[in-house]
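Chain by chain, the residues:
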Amino acid sequence: MLALFLVIAGLGLIGWLTARLRAVSFRRGSTARFSSLPSHFGGYVALWTVLPAALFLCVWSATSPALVTDRVLHDPAAAQLPPQGFNRAAILSEARSLASGNSFGAFNPLSKKLAPAYAAAQTRNDWIGAAIALLLSFATGGFAYTRVRPDFRARTKIERLMMAGLLAASLIAILTTMGIVASLLFESWRFFNIVPIGDFLFGTHWSPQVIDPADPGKTLGAVPLFWGTFFIGAVIAMLVAIPFGLMSAVYLTQYATPTARRWMKPILEVLAGVPTVVYGYFAALTVAPAVRDFAVSIGITWASSESALAAGLVMGVMIIPFVSSMADDSLAAVPDAMRDGSLAMGATASETIQRVLLPAALPGVVGGVLLAVSRAVGETMIVVMAASGVATLTLNPFASATTVTKQIVDLLTGEAEFDSPKTLAAFALGLTLFIITLLLNIVALTVVKRYREAYE
Amino acid sequence: MSIPNQSKISAQHVNVWYGAKQAIADVSLDFGQDHVTALIGPSGCGKSTFLRTLNRMNDTIAGAKVEGDITLDGENIYSPDMDVVQLRARVGMVFQKPNPFPKSIFENVAYGPRIHGLAANKPQLAEIVEKSLRRAGLWDEVKDRLTESGTALSGGQQQRLCIARAIAVDPEVILMDEPCSALDPIATAKIEELIHELKGRYAIVIVTHNMQQAARVSQRTAFFHLGTLVEYGATSDIFTNPRQERTKDYITGRYG
């Protein structure tokens, strides 16, 4: 396969050189102006030599395994295969490993019999693929070479190809997102076929470990999870992140000397780059015990060592740089004329901030806070390490609480089969979380955008 | 070059630096109580910088340094005893681009009185707001929509709102930094008319690069060039009989 790619690349190089030579030769002795340089002709032919063949190989390598298996199934030995299911797939996969030499033993004697057939079919298919790719390379490259004429606009063609390549790159991101959403929707649909959507969205009892097959919805009520997520991510974390983020932004934009700003802003931004798992350690090992000790010292003897407060506090610290940088942007977007106008009235710096700058920057700040909430509710690592697995509907910050993301991780770890309501619930939770954060982001971005327009 | 007419503000040997760059070099100027004084000169000549030294707005610019004596009623405004909050209440300012706050028309005008505690109660505050808007010639246009946002007004109305805002704290001096440069001719005419009406009640210093405007609104004119004061005198003299060659070249349109 690698050799084949090298051969095609070599053909491309040859195409580039010959096309370039031809272009140089017809430019020589002519004083006319050409729209394309020799290198454009070279590039044009090289691309036509390489791209179609490479595209074909990509498609071929994706479809080839299916064709190979299909051929193996026509082998007489394949008649002994069990008809459907896990065993059949296991034997085929074992035979494939044997044939490619990646495996040295086999549990199933049948796979040894099938291995030669596999190897033969594989080799045959590889040759067919290589032949077609080379033929394609020659055909398209040759066709492109015949178009190398003085009046041919290779430059424009290459430009168009560039655009197509860039478009493809951006489409891949969008299509991937749509694929993710589609898979989420599909699995969630399977879940909601087993569990009524009303039970899931409005039920207040969550214990996926004990599911009654007759009424699975009874223990899959997600309200305690939604509440826990909201309590930790949107209440406790924001109680930390909003004041500190906002005040640090005010200090950095309004009071800090350029030197202080030059030092403090990068340090604050480093905080945003700390991997969340590190915050997780911090929450689980340092903050959670401290919170519990504090609770015990003020008389709450039953305080959980996996309290909502510990996870929320650390999550808030994680979000501070985010809020601060959004608020910083919003404050910086308020025209200096506002600030000057207020100062010229005799207002002090802090009066100016409270009465003019913050109100003017408020929509941007609100948008930033909404984005921060959306990040906090989607945050996983901190709550996996520091939050509890027990879903409780509680207002007490010292009690244990769990979040949607934490439960998704719990549901998908372990050895559950992939079509039980317990596992499928993870997808339904994921879908709900996705919809919530999507809505939050849309609202936040609309607010921020409208605010930016007000000052442009 | 002082003019002996109960000078309200007196600047002696003022130098201003922005970092290492000197923006104003040894400028001495007196501003009369009853006069409108125009500061003219080509772009970048330092006239706005000089204006901003008079209410210490240069303090807000990092790296700006002011030297020399500037006194308001004989009090040095750069002395450590001077309260900047009080100074700016006495010396109001109107900016080049109208900059109403994103608040209601009423709140824009009430801003200063609230900060300085000038009104004991709501009716008193409303009275100050109405009086200021009347003096700024804006009352009749906005009296029915005081709760609407100040930024929704037209450019000329916004600028008169800013003047009303400055008047509301009852200043002694009003500094205007090219107040009409962002306005159309009709709005400009209204502002100039307003300046005529305010003259006498407040000492007014106006920066303009429009020489006709200087001739129309001011009694005293100072011509700045390259950070120095070239000539200062009665407006009629400056425009009809300049003593300096550079002044003559500028007002006849030779440069600028």
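Remember, it's a predicted structure, so these values are computed and weren't measured experimentally. (Residues numbered from 1 in each chain as written. Chains lettered and ligands numbered in written order. Predicted model: local features only at pLDDT ≥ 70, side-chain atom pairs only at ≥ 80, totals over all residues. Heavy atoms only, no water.)

Got a sec to walk through the overall build of chain A? Specific residues and values, please.
Secondary structure summary: chain A contains 15 helices and zero strands in total. At 32 Å, chain A has a C-alpha radius of gyration far larger than the 23 Å of a compact globule built from 456 residues. Taken over the C-alpha atoms alone, chain A extends approximately 80 × 75 × 35 Å along its principal axes. Counting only residues that meet the buried cut, chain A has 41% of its 456 residues in that class. For chain A, the proportion of contacts with a sequence separation of at least 24, taken over those separated by at least 6, is 70%. Total accessible area computed for chain A in this model is approximately 24200 Å², and 69% of it derives from carbon and sulfur atoms. Counting 31 positive and 25 negative side-chain charges, chain A places the centres of these two groups 17 Å from one another. (Helix = DSSP H or I, 4+ residues; strand = E, 2+ residues; numbered from the N terminus. Rg over C-alpha atoms; globule rule 2.2 N^0.38 Å. Buried < 20%, exposed > 50% of the residue type's maximum accessible area, 1.4 Å probe, protein only. Contact = heavy atoms within 4.5 Å. Areas by Shrake-Rupley, 256 points an atom, 1.4 Å probe, with all protein chains shown as cover. Lys, Arg positive; Asp, Glu negative; His and termini not counted. Charge placed at Lys NZ, Arg CZ, Asp CG, Glu CD.)

Quick rundown of the sheet that holds strand β2 (residues 21–32) of chain B? Include the residues and the values.
Backbone-to-backbone hydrogen bonds pair the strands of a sheet. The strands run either parallel or antiparallel. Residues and elements named next belong to chain B. Spatial strand order, β2-β1-β4-β5: four strands in an open sheet with antiparallel pairing. Strand pairing shows two members of the sheet lacking a second neighbour, β2 and β5 (75–76), which therefore form its edges. In this structure, strand β1 (residues 7–18) lies alongside strand β4 (residues 64–72), joined through eight bridges in antiparallel fashion. Considered in β4, the bridge of Y18 is made with A64. (Pairing = 2+ DSSP bridges.)

I'd like to hear about unusual backbone geometry, residue by residue, with values.
All names here are of chain B. Positive phi is not limited to glycine here, since R56 has a value of about 60°. Looking at the secondary structure, you find R56 in the loop between α1 (47–53) and β4. Since its relative accessible area comes to 13%, R56 is described here as buried.

Can you break down the pattern of salt bridges residue by residue, with the values?
Residue and element names in this part refer to chain B. This structure, assessed with the given rule, holds 17 salt bridges over all chains. Notably, a salt bridge pairs D73 with R90, separated by 3.3 Å at the nearest N-O pair. Here D73, found in the loop between β4 and β5, pairs with R90, found in helix α2 (residues 84–90); they are 17 residues apart in sequence, far enough to count as distant. Accessibility expressed as a relative area gives 45% for D73, which makes it partly exposed. For R90, the salt bridge identified is with E172, shortest N-O distance 2.9 Å. Within this pair, whereas R90 is found in helix α2, its partner E172 is found in the loop between α6 (155–167) and β7 (173–177), the two being separated by 82 residues in sequence. Linked through salt bridges whose partners overlap, the residues forming this network are K8, D73, E75, R90 and E172. (Salt bridge = Lys/Arg side-chain N within 4 Å of Asp/Glu carboxyl O.)

Residue-level account of the domain arrangement of chain A, with values.
Parsing chain A into structural domains produces domain 1 (2–152) and domain 2 (216–455). For domain 1 of chain A versus domain 2 of chain A, the separation of C-alpha centres amounts to 50 Å. (Domains from an automatic or database assignment.)

Tell me about the side chain of S374 of chain A, residues and numbers included.
Within the secondary structure layout, S374 of chain A lies in helix α12 (residues 349–378). Once residues within four sequence positions are removed from consideration, S374 of chain A is found in contact with T437, L440 and N441 of chain A.

Residue-level account of the interface of chain B and chain A, with values.
Taken together, the contacts link 22 residues of chain B with 18 residues of chain A. For the chain B and chain A pair, buried surface summed over both sides reaches about 1600 Å², with 66% attributable to carbon and sulfur atoms. Looking only at chain B, the three residues that lose the most surface to chain A are P102, Y111 and I115 of chain B, adding up to 29% of its buried area. Summed over the shared surface of chain B and chain A, the result is one salt bridge. A salt bridge links R52 of chain B to D340 of chain A; its shortest N-O distance comes to 3.7 Å. Our count for the contact surface shared by chain B and chain A stands at five residue pairs in polar contact (both at pLDDT 80 or more). Elements represented by at least two residues in the side of chain B that touches chain A include exactly α2, β6 (91–94), α3 (105–116) and α6 of chain B. At five residues, the largest contribution of residues to the side of chain B that touches chain A is made by α3 of chain B. Of the residues assigned to the side of chain B that touches chain A, the class counts are 12 nonpolar, five polar and five charged. (Buried area = accessible area lost by both parts, 1.4 Å probe. Polar contact = N/O pair within 3.5 Å; in protein donor to acceptor, adjacent residues only side chain to side chain. Nonpolar A, V, L, I, M, F, W, Y, C, P; charged D, E, K, R; others polar.)

Give me α3 of chain B: which residues, what numbers.
Working note: α-helix, 3.6 residues per turn, so residues spaced by three or four point in the same direction. Of all 12 residues making up α3 of chain B, 10 are buried, and the element is well covered by its neighbours. Listing the buried residues of α3 of chain B in full gives I105, F106, N108, V109, A110, Y111, G112, P113, I115 and H116 of chain B. Of the surrounding elements, those touching the buried residues of α3 of chain B are α11 (336–344) and α12 of chain A together with α2, α4 (122–135), α5 (139–142) and α6 of chain B. Looking one or two residues beyond α3 of chain B, the residue adopting positive phi is G117 of chain B, at roughly 65°.

Give a description of the packing of aromatic side chains that names residues and reports values.
Residues and elements named next belong to chain A. In total, this model carries 15 aromatic pairs over all chains according to the counting rule given. An angle of 25° between the planes, with centres 5.8 Å apart, marks the rings of F56 and W60 as stacked. With F56 and W60 both in helix α2 (residues 38–73) and four residues apart, the pair spans about one turn of that helix. The exposure classification of F56 matches that of W60, with both residues buried. Their ring planes at 90° and their centres at 6.3 Å tell us that F200 and F226 sit as a pair that is edge-to-face. (Phe/Tyr/Trp six-rings, centres within 6.5 Å; stacked < 30°, edge-to-face > 60°.)

Now, about the UniProt feature "domain: ABC transporter" (unreviewed entry) in chain B: what can you tell me, with residues and values included?
As recorded in UniProt, the feature "domain: ABC transporter" (unreviewed entry) lies at residues 9–251 of chain B. Annotated as residues 9–251 of chain B, this span is 37% helix and 27% strand, and its ends, taken at the C-alpha atoms, are 26 Å apart. (UniProt positions renumbered as here; feature names shortened; annotations may be inferred.)

Break down the sheet that holds strand β8 (residues 203–207) of chain B for me, citing the residues and quoting the values.
All names here are of chain B. The strand order across the open sheet built from six strands is β6-β7-β8-β3-β9-β10, with neighbouring strands paired in mixed fashion. The two strands at the open ends of the sheet, each matched to only one other strand, are β6 and β10 (228–234). Each adjacent strand pair in this sheet contributes to an overall mean axis angle of 15°, direction not counted. The sheet contact formed by β6 and β7 spans four bridges and is parallel. Residue G92 lies in a different strand from β7, and its bridge partner there is I174. Docked against the sheet, α6 engages β6 and β7, running at close to 170° with respect to β6. (Axes fitted to C-alpha atoms, helices over the stretch in contact; angles between N-to-C directions.)

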